[in-house]
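# Observations on the three-dimensional arrangement
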Amino acid sequence: MFFSRPEILSKISPKVAVTKSLLITDDAVVSELLIDDAIFDLRKIKRIDPHGVLSLLCSVLAKAEEGKPVRLLVEDSFQIQRLHSLGFFFELERNQRDLISWDRSKVTGLRTTDPDMFLPIQYIGNKGGERQIAEDLVRLLIRHGFSEEIGARIGWIFGELADNALTHGKGPCYLMCHRYIAAKKDRFNFLAVAVADRGMGIHNSLRTNPKYSSLDNKAALLTAFKSSVSSWADEFKRGKGLTDVMTISLGNDSYFRVESGDMGFSIPWDRNAKWGRPMCSVSGARYSIVLTDAEFKNVSREDADAYIEALLRTL
Amino acid sequence: MTTIKLKEYGAILTGREFGQTVLKALIGKHQPPFELDFEGVFSMGSSFGDEVLPPIAKLQGNELQVINASKTVQACIEDIRVETNIEFTFG
């Protein structure tokens, strides 16, 4: 049997360099997958974690909302099937079916399963929608040998951040949770949790309160984590949720990353906080925390405030 | 003393509006003084706690008895105690 040159070429998949690791701890960014104004080459993805998945999802949705047709380049690979199993393509279909296209034959059929993915992409559109999801997650984690305490703290984090997204971000949010492998002395059984929304961003939200309207971007982002600081006026006594997330994170010596619009800020394991490139720069807030199934020390709000104050002095 | 089993409202108690709803339901159904039973509750967020615990304590002399609170729930209650000076008793 003989094939023509075009026939042969059509049977050879174009070679794509698989290089981008969209992980909470890495510096790769979603824009590196953009090979044209509105074409994302997902075949380049080498590894991806919840932070990467939600950043990519928000980026693709934001691009489609610009009104241009968006194309995703996919192939029948492990990472693409994994995205499929997390509900990534389902979420795109649900949101922007007409504007986002990809070769559906590559991502249909049986979804691969990932035993470490305890919570695939969860869309929270209504206040309180996260509670049953968090409750089911805690029970699942306990069945997998995790302590009730780490599940309970994740439930707390989800509750505060989802409430924030729906109250201050004025929109829905996404949740994810994944077992995370990391080499860290005396510690194992990590869980990476991620929450993302497509609202106005933490810094912009805070500045809607006249009391904080003069803060610059970085100062506004950090200040939002101090206790009793909120986009709402003082009389409403709000502004504890982000501080609670910070105290949980500091009390567990976890890896923490927050992004607001085009700003990225992280507190690595050694607590030497740093500014860096956000994984994506679309409007909204994205949080990721890698918690260890170990002791949660009680860190007071006062301690968290002091930590944030010290960071503010470095600006 | 009326013992309120909070697990009837869920194992994850978060959200300010949800706290307001729960408080209304509690006060509508029961007579103070209350004792809060957290058995079966994994965690409570401070926004929920702010809406429920201080108003109940106010009805009973700024005192509140809490039983079966997990370490995570106690951490949240401690933040409320620091802010409000409610006298909590743990059982």
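Residues numbered from 1 in each chain as written. Chains lettered and ligands numbered in written order. Predicted model: local features only at pLDDT ≥ 70, side-chain atom pairs only at ≥ 80, totals over all residues.

## Regarding the pairing of strand E11 (residues 263-267) of chain A
Residue and element names in this part refer to chain A. Among the five residues of E11, four are classified as buried, and the element is accordingly described as predominantly covered. The antiparallel pairing of strand E10 (residues 255-260) with E11 creates a hairpin that spans two residues between the two strands, and Gly-261 there sits at a positive phi of about 60°. Direction of pairing for E11 relative to strand E12 (residues 274-276): antiparallel, over a ladder of three bridges. Across the sheet, the residue bridging to Gly-264 is Gly-276, located in E12. (Buried ≥ 20, exposed ≤ 12 C-beta atoms within 10 Å, placed from the backbone. Helix = DSSP H or I, 4+ residues; strand = E, 2+ residues; numbered from the N terminus. Pairing = 2+ DSSP bridges.)

## With respect to unusual backbone geometry
That bond from Pro-32 of chain B to Pro-33 of chain B is cis: its omega, 5°, falls within 30 degrees of zero. A positive phi angle is found at Arg-271 of chain A, which is not glycine, with a value near 70°. Looking at where Arg-271 of chain A falls in the secondary structure, it is placed in the loop between E11 and E12. When the 10 C-beta atoms within 10 Å are taken as the criterion, Arg-271 of chain A is described as exposed.

## Structural notes on the environment of Glu-130 of chain A
Residues and elements named next belong to chain A. Topologically, Glu-130 is positioned in helix H5 (residues 129-143). Using a count of 28 C-beta atoms within 10 Å as the deciding quantity, one classes Glu-130 as buried. In this structure the C-alpha to C-alpha distance between Glu-130 and Ala-17, which are 113 residues apart in sequence, comes to 38 Å. Residues in contact with Glu-130, not counting those within four places in the same chain, are Ile-124, Phe-158, Gly-159, Ala-162 and Leu-175. (Contact = placed C-beta atoms within 7 Å.)

## Let's talk about the sheet that holds strand E3 (residues 39-41) of chain A
Residue and element names in this part refer to chain A. Strands sit in the order E2-E3-E5-E6 across an open sheet of four strands; the sheet is mixed. Strand pairing shows two members of the sheet lacking a second neighbour, strand E2 (34-36) and strand E6 (100-102), which therefore form its edges. Neighbour-to-neighbour, the strand axes of the sheet open up by a mean angle of 30°, direction not taken into account. In this fold helix H2 (residues 50-65) packs onto E3, strand E5 (70-73) and E6, with an angle of close to 150° to the strand it touches most, E5. (Axes fitted to C-alpha atoms, helices over the stretch in contact; angles between N-to-C directions.)

## Quick look at the pairing of strand E3 (residues 34-37) of chain B
Residues and elements named next belong to chain B. Sheet analysis places strand E1 (residues 2-5) next to E3, joined by four bridges and oriented parallel. By the bridge assignment, Lys-5 is partnered in E3 with Asp-37. Where E3 and strand E5 (residues 63-67) come together, three bridges link them in parallel fashion. Paired with Glu-35 across the two strands is Gln-65, which belongs to E5.

## A look at the environment of Phe-90 of chain A
All names here are of chain A. Of note, Phe-90 is situated in helix H4 (residues 88-96). For Phe-90, a count of 15 C-beta atoms within 10 Å corresponds to the partly exposed category. Between the C-alpha atoms of Phe-90 and Thr-247, which are 157 residues apart in sequence, the distance is 35 Å.

## What about the domain arrangement of chain A?
Residues and elements named next belong to chain A. On domain assignment, one finds that chain A holds domain 1 (13-113) and domain 2 (115-315). Centre-to-centre, using C-alpha coordinates, domain 1 lies 24 Å away from domain 2. Between domain 1 and domain 2, the contact holds 24 residues from the first and 26 residues from the second. Of all elements in the fold, only H2 and H4 reach the threshold of two or more residues within the side of domain 1 that touches domain 2. Looking at the side of domain 1 that touches domain 2 element by element, the count peaks at 11 residues for H2. The class makeup of the residues in the side of domain 1 that touches domain 2 is 13 nonpolar, eight polar and three charged. (Domains from an automatic or database assignment. Nonpolar A, V, L, I, M, F, W, Y, C, P; charged D, E, K, R; others polar.)

## Examining the sheet that holds strand E13 (residues 285-292) of chain A
Residue and element names in this part refer to chain A. If you trace the seven strands from one edge of the open sheet to the other, you get E7-E8-E9-E13-E10-E11-E12, paired in antiparallel fashion. Of all strands in the sheet, those bounded by a partner on one side alone are strand E7 (117-124) and E12. The sheet shows a mean angle of 15° between the axes of neighbouring strands, direction not considered. Here strand E9 (residues 190-197) pairs with E13 via seven bridges, running antiparallel. If you follow Phe-190 over to E13, its bridge partner there is Thr-292.

## Some words on the interface of chain B and chain A
Contacts between chain B and chain A engage 20 residues on the former and 22 residues on the latter. Within the residue set of the side of chain B that touches chain A, elements represented by two or more residues are helix H1 (16-29), helix H2 (46-59) and helix H3 (71-84) of chain B. No other element matches H3 of chain B, which puts five residues into the side of chain B that touches chain A.

## Considerations on the packing of H5 of chain A against helix H6 (residues 148-167) of chain A
Residues and elements named next belong to chain A. Between H5 and H6, whose axes approach to 9 Å, the crossing angle comes to 160°. Classified by the angle their axes make, H5 and H6 are roughly antiparallel. In this structure, the crossing between H5 and H6 has a hand that is right-handed. Listed contacts from H6 to Glu-130, Arg-131, Ala-134, Glu-135, Leu-137, Val-138, Leu-141 and Ile-142 of H5 are Glu-148, Ile-150, Gly-151, Ala-152, Ile-154, Gly-155, Phe-158, Gly-159 and Ala-162. Residues belonging to the contact of H5 with H6 are distributed by class as follows: 10 nonpolar, three polar and four charged. (Parallel < 35°, antiparallel > 145°, perpendicular 65-115°, else oblique. Left-handed = near helix turned anticlockwise from the far one by under 90°.)

## Focus: the packing of H6 of chain A against helix H9 (residues 241-251) of chain A
Working note: a packed helix pair is described by the angle between its axes plus the distance between those axes. All names here are of chain A. The interhelical angle for the contact between H6 and H9, taken along N-to-C directions, is 150°, at an axis separation of 9 Å. Classified by the interaxial angle, the pair formed by H6 and H9 is roughly antiparallel. By crossing handedness, the relation of H6 to H9 is classed as left-handed. Along its contact with H6, which presents Arg-153, Trp-156, Ile-157, Glu-160, Leu-161, Asp-163 and Asn-164, the element H9 presents Gly-241, Leu-242, Asp-244, Val-245 and Ile-248. Residues of the contact of H6 with H9, tallied by class, amount to six nonpolar, two polar and four charged.

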